[in-house]
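# Examining the three-dimensional arrangement
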Amino acid sequence: MKATSQQPLPSLPLFSIKGVQMRTFHITWFMFFICFFGWFGLAPLMPTIRTEMGLTKEQIGNIIIASVSSTIIARLIIGRLCDLFGPRKTAVWLLIIGSIPVFLVGLAHNYETFLLFRLAIGVIGASFVITQYHTSMMFAPNIKGTANAITGGWGNLGGGITNMVMPLIFACIVGFGYTAEIAWRYAMIVPGVFMLLIAFLYWKYTKDTPAGNFNEIERLKTAKKKFSWKVLGDWRIWALTFAYAMCFGMEITFDNVAALHFVDSFDLSQSSAGFWAGIFGFMNLFARALGGIMADKTGRSYGLKGKGLLLASMLLLEGIGVLLFAQAGSLMLAIISMLGFALFLKMANGVTYAIVPFINKEHVGLISGIVGAGGNLGGMLFGFLFKSTAISYATAFQYIAFIILAVAFVVLLTPFKKTRKKTVAEKELAIQA
């Protein structure tokens, strides 16, 4: 029998760094946090960048689309790479390669080059798949949903912190005598440096599994042997993909447009707009974890079916909240409704990835990548609404609310339940038939 230290943990000692499981837990959520910081570091600075480059609403919309669209393909690839080579190597290479456009985006001086850099930076959003995959390897089924939700939520917290901190870094650089046009470029060096530091920590202090790295436990050969695209025939995967498009897709959309919306609709300064946009992201400190905890408790009593109903409920409440936000006529009402839909949105994120690891345990990376890519697909499609010159941002939010409500009913009708493995006799009968 293997030692306890080589088994997935059945509990979550949140403030411990003892053992490879908890070291990995903290390093992987912080890795995603830093990637999120780099991914959306430009969003709160867009009022300055818009003025400098003379960007139109349509061009800003294209930039928003670019920032999330490249992540769609990246998440699909990263999920499969995790299955093949392990999350440790995959994370380190993603951090090193992804830091390059973060460092160099300051070289952009017009719309076209800025768009290309934004597209390249979007690749680091695939770090989420690594976080969820790696956490799933380290914790037992009874606590997996909670662990996934906390790492995902604390990582997503980077989206809130960057909205608060990047304007301060920008202001600090301006205070040293640099112009605004130079300050935003230097500000992006900060997340780039942190990405390289976390790459070192990831390589030195984590393992692919509690029992060791993939090459040490001969998992590489097993992963290649077991892989089958037939897993994609499971409708539950696509229901989760749609669901994640509505919750995480809405989250990254809001991270991208919130500062501009508050500046344009309520005449806030760049710093004030960044603060309120940051509050939205800051709720990841607890809200996504709350969703994972509720999903684990629901799962113990009602199984995957109960988790599916919980997810549908969270999406329904999120949609109602977004609709109220779209119709808010004052800053106070906008903030209150934002906090409401943010709570249910982030809880839905947590519930989604409390279901993902149980769909097919042999293809966790692939399914995590597909569902994660769905989140970015939603963000990309929502970006087209904010690109349109025919509708306002408020109207775009209203359309999104109706789409979220529709997907909530799709999830409600999806039969989430564990699939039973066929016996040898059943397989023989199926072949004969």
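Treat the numbers as computed from the prediction; the structure is a model and nothing was measured. (Residues numbered from 1 in each chain as written. Predicted model: local features only at pLDDT ≥ 70, side-chain atom pairs only at ≥ 80, totals over all residues. Heavy atoms only, no water.)

### So, the overall build of the protein chain
Within the protein chain, the regular secondary structure consists of 18 helices and zero strands. The C-alpha atoms of the protein chain give 21 Å as radius of gyration, which agrees with the globular expectation for 433 residues (22 Å, within 12%). The dimensions of the protein chain, computed from C-alpha atoms along their principal axes, are 70 × 45 × 40 Å. Residues counted as buried form 59% of the 433 residues belonging to the protein chain. Of the contacts formed within the protein chain by residues at least 6 apart in sequence, a portion of 83% connects residues at least 24 apart. (Helix = DSSP H or I, 4+ residues; strand = E, 2+ residues; numbered from the N terminus. Rg over C-alpha atoms; globule rule 2.2 N^0.38 Å. Buried < 20%, exposed > 50% of the residue type's maximum accessible area, 1.4 Å probe, protein only. Contact = heavy atoms within 4.5 Å.)

### Thoughts on the nonpolar core
Grouped together as the largest cluster of nonpolar side chains are 140 residues, with contacts concentrated most on F114, F254 and L315. A per-element tally of this core places helix α12 (residues 235-266) first, with 19 residues. Sequence-distant contacts of F254, that is, excluding residues within four places in its chain, are made with F262, F280, F325, M338, F341 and F397. (Core = buried A, V, L, I, M, F, W, Y, C linked by side-chain atoms within 4.5 Å.)

### Considerations on a nonpolar patch on the surface
A grouping of F176, Y178, I182, Y186, I189, V193, F194 and L197 is seen on the molecular surface, where their side chains present a nonpolar patch of about 760 Å² in accessible area. With four residues, the single largest contributor to the nonpolar patch is helix α9 (residues 189-205). Along the chain, L197 falls in helix α9. (Patch = residues over 30% accessible without salt bridge, like charges linked within 9 Å, V, L, I, M, F, W, Y side chains within 5 Å. Areas by Shrake-Rupley, 256 points an atom, 1.4 Å probe, with all protein chains shown as cover. Salt bridge = Lys/Arg side-chain N within 4 Å of Asp/Glu carboxyl O.)

### As for the environment of V231
Turning to its location among the elements, V231 is positioned in the loop between α11 (219-226) and α12. Measuring from C-alpha to C-alpha, the distance between V231 and P191 comes to 37 Å, with 40 residues separating the pair along the chain. Aside from chain neighbours lying at most four places away, what touches V231 is I237, N360, H363, L366 and I367.

### A few points about the confidence of the model for the protein chain
Predicted confidence across the protein chain gives a mean pLDDT of 89, with 93% of residues reaching 70 or more. Confidence drops under pLDDT 50 across residues 422-433; counting only partners more than four residues distant or on other chains, this segment forms four contacts. (pLDDT = per-residue confidence, 0-100.)

### Regarding the packing of helix α3 (residues 57-85) against helix α4 (residues 87-104)
The N-to-C vectors of α3 and α4 enclose an angle of 135 degrees; their axes lie 7 Å apart at closest approach. Classed by the angle they form, the pair α3 and α4 counts as oblique. Each of I78, L81, C82 and F85 in α3 lies in contact with α4, whose residues at this interface are P87, K89, T90 and L94. (Axes fitted to C-alpha atoms, helices over the stretch in contact; angles between N-to-C directions. Parallel < 35°, antiparallel > 145°, perpendicular 65-115°, else oblique.)

### So, the packing of helix α13 (residues 270-282) against helix α15 (residues 331-355)
Any two packed helices are characterised by the angle at which their axes cross and by the distance between the axes. Between α13 and α15, the shortest axis-to-axis distance is 9 Å and the interhelical angle comes to 30 degrees. Here α13 is positioned roughly parallel relative to α15, judged by the angle of their axes. For α13 against α15, the interelement crossing comes out right-handed. Contacts between α13 and α15 involve W276, I279, F280 and G281 on the former and, on the latter, I335, M338, L339, F341, A342, L345 and K346. Grouping the amino acids of the contact of α13 with α15 by side-chain chemistry returns nine nonpolar, one polar and one charged. (Left-handed = near helix turned anticlockwise from the far one by under 90°. Nonpolar A, V, L, I, M, F, W, Y, C, P; charged D, E, K, R; others polar.)

### Here's the deal with the packing of aromatic side chains
Within the structure shown, the criterion is met by 32 aromatic pairs. With a centroid separation of 5.8 Å and 75 degrees between ring planes, the pair formed by F25 and F139 is classed as edge-to-face. Taken together, the residues span a long stretch of sequence, with F25 in helix α1 (residues 19-39) and F139 in the loop between α6 (127-138) and α7 (141-175) at a distance of 114 residues. With respect to class, F25 is no different from F139; both count as buried. An angle of 80 degrees between the planes, with centres 5.2 Å apart, marks the rings of W29 and W154 as edge-to-face. Here W154 lies in helix α7 and W29 lies in helix α1, a separation of 125 residues in the sequence. Comparing W29 with W154, the two get one shared label, buried. By way of ring pairs, the aromatic residues F32, F36, W39, F40, F128, Y244, F248 and Y353 are connected into one cluster. (Phe/Tyr/Trp six-rings, centres within 6.5 Å; stacked < 30°, edge-to-face > 60°.)

### Describing the pattern of salt bridges
Inspection of the entire model under this criterion finds five salt bridges. R185 serves as the salt-bridge partner of E52, at 2.4 Å between the closest nitrogen and oxygen. Of the two residues, E52 sits in helix α2 (residues 46-53) while R185 sits in helix α8 (residues 180-187), which places them 133 residues apart along the sequence. Given a relative accessible area of 6%, R185 falls into the buried group. Taking the shortest distance from any N to any O, the salt bridge between D234 and R236 comes out at 2.7 Å.

### A short note on the environment of K307
For K307, the location among the structural elements is in helix α14 (residues 287-326). With a relative accessible area of 6%, K307 lands in the buried category. When residues no more than four places from it in sequence are discounted, the contact partners of K307 are A295, D296, T298, G299, V351, A354, I355 and F358. At 2.9 Å, the side chain of K307 forms a polar contact with the backbone oxygen of A354. (Polar contact = N/O pair within 3.5 Å; in protein donor to acceptor, adjacent residues only side chain to side chain.)

### Side note on the side chain of D208
Following the sequence through the fold, D208 ends up in the loop between α9 and α10 (214-217). Salt bridges are absent for the buried D208, whose nearest opposite-charge side chain, R88, sits at 5.7 Å. Of note is the side chain of D208, whose polar atom sits 2.9 Å from the backbone nitrogen of R88. At 2.9 Å, the side chain of D208 and the backbone nitrogen of F214 are in polar contact. Excluding anything up to four places from it in sequence, D208 contacts F85, G86, P87, R88, H134, M137, M138, N213 and F214. (Lys, Arg positive; Asp, Glu negative; His and termini not counted.)

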